[in-house]
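# Results of the structural survey
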Amino acid sequence: MENSKLIRTIVFNILVILTIVFIYLFFFPKKSYVKKKIDNGLTSIVDDTFFENINSMKIAGNAYFGDATGVVSIDELIDNGLLVELKDSNGDACFSSSYVEKTDDKMKIHLDCSDKSGEKYINLTDKKFLCIYQYEKRTESGFTPWSDWSEWSTNFVEANDLVNVETEVRKESDGKTTSTETRQESIGATVNTTYGCQNGSTLVNGKCRILRFVENVSPHKGRCPTDTLSEEYVLEGNVCKKYSIYYVNQTSNTTYSCPSGYSLSGSTCYKSVSYDVENENFKDVTYYRYQKRERIDENIDIKWSTIDDQNLLNSSYTMVGKVSCEF
């Protein structure tokens, strides 16, 4: 009885251990299994990239040869603008040893890349194929629209086909200088007036008296007649000379004089006075502002699609010819 119980215990423990091992193996696979899964994923990426590159070389080779035959390298296809640089799944450029060879009945595409190398043959005599056509859209040469105006600056800018320039001349301060100038100051002259008698007249009681000879009169008992306000007698020898008396106003003489340092002109005194003047100088400064634009070179954008692709035709592309036919 005890042996039977022991056996059941051992069997139970073995089952538990096996269950644990199974769970571990199920949820935690071996490294080799993980590696296999990763390798399978990478292989798919490598194959997809390789196939896309082969297809690009096929299209470029058809465009290059047309109805002709021969061999063309991948570098020649790139130089002729029929192919861009092909890169493998690692992002490395495929080797220059890659080429396309065309005969009358088949096309051989040989591609060498760091992750994979191989060849593909296309039978050109098989008529069951889907044809690929080349479309082109030409962009004429010209210019982009002008940019917005820049800020004004004193930096010189030269105009040309790609730069439009406006200038503006502004007056700006160029410092200050001091100059000496003169001005005329004037004051009234001092008036000097003198009075006097002329022509032999004499000053009597503020007036000029003039005597005019009238006649000779004989003296009486040795004496001349008595003078009056209008007559005067003067005894000269034995004769009395009779004079009439006249009065006239005094004459005046007016002169002008100036203080020291002044010059007289008429009745005004003038003097030149020097004084300093501070002057602000100005200069012409040229300011520039500009617009720029870019030159657009003539360009041909090439795309490949099926015949009468309306999306491309509506986007101004033109179908120029058949490129490749894939069976």
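Cut-offs and rules
Residues numbered from 1 in each chain as written. Predicted model: local features only at pLDDT ≥ 70, side-chain atom pairs only at ≥ 80, totals over all residues. Heavy atoms only, no water. Disulfide = S-S within 2.5 Å. Helix = DSSP H or I, 4+ residues; strand = E, 2+ residues; numbered from the N terminus. Buried < 20%, exposed > 50% of the residue type's maximum accessible area, 1.4 Å probe, protein only. Salt bridge = Lys/Arg side-chain N within 4 Å of Asp/Glu carboxyl O. Pairing = 2+ DSSP bridges.

A separate point is the state of the cysteines. Taken as a whole and judged by the stated rule, the model has four disulfides. Here C94 engages in a disulfide with C113; their sulfurs sit 2.1 Å apart. Given an S-S torsion of about 90°, the disulfide between C94 and C113 has right-handed geometry. Taken together, the residues span a long stretch of sequence, with C94 in the loop between α3 (74-79) and β2 (99-102) and C113 in the loop between β3 (106-112) and β4 (117-123) at a distance of 19 residues. Relative accessible area serves as the criterion here: at 5%, C113 is assigned to the buried category.

The final tally for this structure, using the stated rule, is 13 salt bridges. Across the salt bridge formed by D284 and K171, the nearest N and O atoms sit 2.8 Å from each other. Here D284, found in strand β15 (residues 268-292), pairs with K171, found in strand β7 (residues 163-188); they are 113 residues apart in sequence, far enough to count as distant. Residue classification places K171 among the exposed residues on the basis of a relative accessible area of 63%. A salt bridge links E215 to K242; its shortest N-O distance comes to 3.8 Å. You can see E215 sitting in strand β10 (residues 207-217) and its partner K242 sitting in strand β12 (residues 239-248), a full 27 residues away along the chain. Since its relative accessible area comes to 13%, K242 is described here as buried.

Glancing now at the pairing of strand β11 (residues 231-236). Across six bridges, β11 lies against β12 in antiparallel orientation. By the bridge assignment for β12, V234 is matched with K241. Counting the residues in the hairpin turn of β11 and β12 gives two residues, including G237, whose phi is positive at 70°.

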